[in-house]
Amino acid sequence: VVDAGGAPLADAVVAAYSAAAAAADPRAEAVMDQQGKQFRPHVLAVRVGTLVHFPNSDQIRHHVYSFSPARPFELKLYEGLEAPPVRFARPGKVVLGCNIHDQMLGYVYVLETPWFAVTDAAGDATLKAPSGGAFDVHVLHPRLADETRVSTRVTAPHAGLLTLRMPESLAPASVPAAPAEDPLQDLFRRRR
Ligand SMILES: [Cu+2]
């Protein structure tokens, strides 16, 4: 995945959709850690129904929250493994923040497919999908508007590299700083 200027794009969510997908496994689990006052990974992709753990690997307490409609929740001041896991039962983009550290920003993308990956620093992602299937491949990125996405149709196995270029420049906010105009941040500040 490359950005509008052709540079490799990390933290892009690549998801492949097919009607042939089996039902979601209710035992699916994933981890969104907190290390060095950052969410790690910065972008986590999961399938609908996944239980996500939020361990705190720092020696300070964090207070994780989201106001996103897909999954509003709050894990009040905690350390270590104290926080209960959170199930993400609806598809959508869930923006994460920390009540204590304003610069902490993370994302959970909840997807209605078992085939997805997040691009690495080189912009690469590899998806393992059933051979012979036809897939609609979508690419999303947290620093692009939610309605901005690249789509293409691919038949697996796909020989060679598929390069997907995002159509717009990224929002100017540098990761991990939360953009000042972020309505979720505004809402949080008003409530605080
Ligand atoms: Cu924190």
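Above this text you will find the structure in question.
First, a word on what this report is: a plain description of the structure on this page.

Conventions used here
- Residues numbered from 1 in each chain as written.
- Predicted model: local features only at pLDDT ≥ 70, side-chain atom pairs only at ≥ 80, totals over all residues.
- Heavy atoms only, no water.
- Helix = DSSP H or I, 4+ residues; strand = E, 2+ residues; numbered from the N terminus.
- Buried < 20%, exposed > 50% of the residue type's maximum accessible area, 1.4 Å probe, protein only.
- Contact = heavy atoms within 4.5 Å.
- Areas by Shrake-Rupley, 256 points an atom, 1.4 Å probe, with all protein chains shown as cover.
- Pairing = 2+ DSSP bridges.
- Axes fitted to C-alpha atoms, helices over the stretch in contact; angles between N-to-C directions.
- Donors = N, O, S within 2.8 Å, 3.2 Å for Na, K, Ca; no water.
- Phe/Tyr/Trp six-rings, centres within 6.5 Å; stacked < 30°, edge-to-face > 60°.

Below, the discussion takes up the overall build of the protein. Secondary structure assignment for the protein yields one helix and 14 strands. Across the 192 residues of the protein, 41% fall into the buried class. Summarising the internal contacts of the protein: among those between residues at least 6 apart in sequence, 58% fall at separations of at least 24. When the accessible surface of the protein is summed, it comes to about 10000 Å², and 53% of that surface belongs to carbon and sulfur atoms.

Glancing now at the sheet that holds strand S5 (residues 43–47). By definition, the strands of a sheet pair up through backbone hydrogen bonds, in either a parallel or an antiparallel sense. With respect to topology, five strands assemble into an open sheet ordered S5-S11-S10-S7-S8, the strand pairing being mixed. On the outer flanks of this sheet lie S5 and strand S8 (73–78), each paired with one strand and no other. When the angles between neighbouring strand axes are averaged without regard to direction, this sheet yields 20 degrees. Here strand S7 (residues 62–66) runs beside strand S10 (residues 92–98); their pairing, made up of two bridges, is antiparallel. When the bridges of S10 are listed, valine 64 appears paired with cysteine 98.

Protein coordination at the copper ion comes from His62 (ND1), Cys98 (SG) and His101 (ND1), with a distance range of 1.9 to 2.1 Å. Donor residues for the copper ion, ordered by position in the chain, follow H-x35-C-x2-H. Within this pair, whereas histidine 62 is found in strand S7, its partner histidine 101 is found in the loop between S10 and strand S11 (105–111), the two being separated by 39 residues in sequence. As far as the burial class goes, histidine 62 and histidine 101 line up, both buried.

The next point concerns the pairing of strand S13 (residues 134–140). The side chains of a regular strand alternate between both faces of the sheet. Pairing of strand S1 (residues 13–17) with S13, which is carried by five bridges, proceeds in the antiparallel orientation. Looking at S13, one finds that valine 13 is bridged to leucine 140. In terms of strand pairing, S13 meets strand S14 (residues 150–155) through six bridges, oriented antiparallel. Bridge pairing in S14 places histidine 138 opposite serine 151.

Our next topic: the environment of glycine 133. Checked against the element boundaries, glycine 133 lands in the loop between strand S12 (115–118) and S13. Owing to a relative accessible area of 18%, glycine 133 belongs among the buried residues under this scheme. The spacing of glycine 133 and serine 18 is 115 residues in sequence and 7.6 Å in space, taken between C-alpha atoms. Beyond its immediate sequence surroundings of up to four residues, glycine 133 is in contact with Val154, Thr155 and Ala156.

What follows deals with the packing of aromatic side chains. The tally for this structure, following the rule as stated, stands at four aromatic pairs. Residues tyrosine 65 and phenylalanine 67 carry aromatic rings whose centres are separated by 5.4 Å and whose planes lie at 50 degrees to one another, so their mutual orientation is tilted. With a centroid separation of 6.0 Å and 85 degrees between ring planes, the pair formed by phenylalanine 73 and phenylalanine 88 is classed as edge-to-face. With phenylalanine 73 in strand S8 and phenylalanine 88 in strand S9 (residues 86–88), this residue pair connects regions lying 15 residues apart in the sequence. Residue classification places phenylalanine 88 among the buried positions, given a relative accessible area of 0%. Taken together through their ring pairs, the aromatic side chains of Phe54, Phe73 and Phe88 make up a single cluster.

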